[in-house]
Structure formats: structure tokens, C-alpha cells
Amino acid sequence: TNATALQVHIAKHAARLGLRLNFRARLRDFDAICQLVAADVGVAVVPEAAARRCAVSMPIAMIRIRDAWANRRLAICARSFKTLPRPAKLLVEHLRKAAQ
């Protein structure tokens, strides 16, 4: 599948840090992404506007990303940050600390 502009944006910034992202799923529709998050399938980085819109009708929580690389208004979404598996919690904590 072709990557979205957001996926390319995030991958480029990861590459600058010497990292290669391993996407488990790629979806082009933010509502579908948020539905997977609401189903507790994982976490996602989506535009803040999409996260806010989805949070009205779906059980998701969000954290705004304030890093310089996130010049787009992005947010991390999860059904519950407390119940995430350890690797996802570590990612969320890293991004949360970097945002402060």
C-alpha cells in the first residue's frame, strides 16, 4: 500500500534519528485507525483534529504531541493508556516526556 503523507512525515523524522519504523498496519482513513485504537488493537499517531472528532463517538484517549518534528498537530491515541502492553507504554511515555 502507498504510505500516507503523515506516515512518510513520521518515517523521515525517525530515519533522521537512525530508526526505521515497523508499521503493523497501514490505513488511509483516520476513522478506521481510531476504530482499531478503540478496539484496543494498538496505538496510533493521527492528526489532532481526527483524534478529537473520533473521541466524541469512540472510547479513545489522546495525548497531544508537541515536539518540533510534529509541526502538524498530532496526538497519540489508545483505548486506555493504563492497559497498554509494555512496548506501547514505553513508546507513549517517551513521547509524553519529550512533549513536556
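See the structure shown above.
If you're wondering where the values come from, they're calculated on a predicted model, not measured in any experiment. (Residues numbered from 1 in each chain as written. Predicted model: local features only at pLDDT ≥ 70, side-chain atom pairs only at ≥ 80, totals over all residues. Heavy atoms only, no water.)

Engineer: Looking at this structure, I do not really get the overall build of the chain. What am I missing?
Structural biologist: A count of helices and strands for the chain gives four helices and three strands. The linear arrangement of helices and strands in the chain, starting from the amino end, is α-α-β-α-β-β-α. By the compact-globule yardstick of 13 Å for 100 residues, the chain fits well, its C-alpha radius of gyration being 13 Å. Along the longest, intermediate and shortest principal axes, the C-alpha atoms of the chain span 35 × 30 × 25 Å. Residue pairs at least 24 apart in sequence account for 46% of intrachain contacts in the chain once pairs closer than 6 positions are excluded. Accessible surface computed for the chain: about 6,700 Å², of which carbon and sulfur atoms make up 53%. Both charge centroids of the chain, one from 18 positive and one from 6 negative side chains, sit 5 Å from each other. (Helix = DSSP H or I, 4+ residues; strand = E, 2+ residues; numbered from the N terminus. Rg over C-alpha atoms; globule rule 2.2 N^0.38 Å. Contact = heavy atoms within 4.5 Å. Areas by Shrake-Rupley, 256 points an atom, 1.4 Å probe, with all protein chains shown as cover. Lys, Arg positive; Asp, Glu negative; His and termini not counted. Charge placed at Lys NZ, Arg CZ, Asp CG, Glu CD.)

Engineer: I keep staring at the sheet that holds strand S1 (residues 44–47) and nothing clicks. Help me out?
Structural biologist: Each strand in a sheet pairs with another by means of backbone hydrogen bonds, the pair being arranged parallel or else antiparallel. Across the sheet, three strands lie side by side as S1-S3-S2; this open sheet has antiparallel pairing. Each of the sheet's edge strands pairs with one partner strand only, and the pair in question is S1 and strand S2 (61–65). Here the strands of the sheet are splayed against their neighbours by 35 degrees on average, with no regard to which way each runs. In this sheet, strand S3 (residues 74–78) lies alongside S2 in antiparallel orientation, the contact comprising five bridges. Residue pairing in the sheet places Ala61 in a bridge with Ala78 of S3. (Pairing = 2+ DSSP bridges. Axes fitted to C-alpha atoms, helices over the stretch in contact; angles between N-to-C directions.)

That's the geometry; what it means functionally is another story.
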